[in-house]
Amino acid sequence: MERPSWDEYFLSITEQVSTRSTCLRRQIGAIIVKDKRILATGYNGAPRDLRHCAEVGCLREKQNISSGERQELCRGLHAEQNAIIQAALHGIKIEGSTIYSTHQPCILCSKMIINAGIREIIFRDEYPDPLAESMLKEAGLGLKRLIFSGIGQSRLRLD
């Protein structure tokens, strides 16, 4: 029996977490892991107790805002932001952890990841953001893309 690597295992869990997303454009999931234990999860969507985009429509679509631009004009929080907030809300220390995400983090999430003390980012899909990549590199964070080609056959690409 072939078992997935730890990175494959945790990244596959981000896929399941992303199914809770309420974003109409892109479903993203993130989990924060330390010592092979999941500390927090997050997916993109509207803040707690507020109506979701599925109910009120996508503000970004209505204003014809392109992906990667004017991120503040959105009802939702990003998956990485929600995972960090959930850890803080429940008093869970995430310094020195790894964050797994279905997508490469944007500049807003990257700054939060740096200040939260997360040491490594492993993601599946690219979301090129040169400023985010530059700041993560300057902060000394590992940024790795996991490319799946079957259980036990994925490969990490250092970005």
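That block above? That's the structure.
Quick caveat: nothing in here was measured; it's all calculated off a predicted structure. Each chain has its residues counted from 1, following the order in which its sequence is written. With the structure being a predicted model, the display of local features is reserved for residues of pLDDT at least 70 and the display and counting of side-chain atom pairs for 80 or more, all residues being used for whole-chain, interface and lining totals. Excluded from the side-chain calculation are hydrogens and water; included are all heavy atoms of the structure.

S.K.: So, the pairing of strand β3 (residues 98-103): which residues are in play, and what are the values?
M.R.: Summary of the burial criterion: residues with accessible area below 20% of their type's maximum are buried, those above 50% are exposed, and those between are partly exposed, where the area comes from a 1.4 Å probe applied to protein chains only. The numbering of helices and of strands both runs from the N terminus, where a helix is a DSSP run of H or I of at least 4 residues and a strand a run of E of at least 2. Counting buried residues in β3 gives 6 out of 6 residues, a clear majority hidden from the surface. Criterion used throughout: strands pair if DSSP finds at least two bridges between them. Pairing analysis gives 4 bridges linking strand β1 (residues 29-34) to β3, with the strands arranged antiparallel. Bridged to Ile-31 within β3 is Tyr-100. Sheet analysis places β3 next to strand β4 (residues 120-125), joined by 5 bridges and oriented parallel. Paired with Ser-101 across the strands is Phe-123, a residue of β4.

S.K.: Tell me about unusual backbone geometry, and please be specific about residues and values.
M.R.: Positive phi is not limited to glycine here, since Lys-36 has a value of about 60°. Mapped onto the fold, Lys-36 is located in the loop between β1 and β2 (37-43). Look at Lys-36 and you get partly exposed, because its relative accessible area is 45%.

S.K.: Help me get a handle on the packing of aromatic side chains, residues and values and all.
M.R.: Two aromatic rings are characterised by how far apart their centres lie and by the angle between their planes. Any two rings among Phe, Tyr and Trp, with Trp reduced to its six-membered ring, count as a pair given centres within 6.5 Å; such a pair is stacked if its planes are under 30 degrees apart, edge-to-face if over 60, and tilted if neither. Inspection of the entire model under this criterion finds 4 aromatic pairs. Ring centres of Trp-6 and Tyr-9 lie 5.8 Å apart, and the angle between their planes is 85°; on these two criteria the pair is classed as edge-to-face. With Trp-6 and Tyr-9 both in helix α1 (residues 6-18) and 3 residues apart, this pair spans about one turn of that helix. By relative accessible area, which is 42% here, Trp-6 ends up partly exposed.

S.K.: I'd like a rundown of the side chain of Thr-102, residues and numbers included.
M.R.: Positionally, Thr-102 belongs in strand β3. A distance of 2.9 Å separates the side chain of Thr-102 from the side chain of His-103, its partner in a polar contact. In this structure Thr-102 touches Thr-14, Glu-15, Ser-18, Gln-27, Ile-28, Gly-29, Arg-124 and Asp-125, once residues within four positions along its chain are discounted. Under the rule applied, a polar contact is a pair of N or O atoms within 3.5 Å (in protein, one hydrogen donor and one hydrogen acceptor; residues adjacent in sequence only if both atoms are side-chain atoms). Any two residues having at least one pair of non-hydrogen atoms within 4.5 Å are treated as being in contact.

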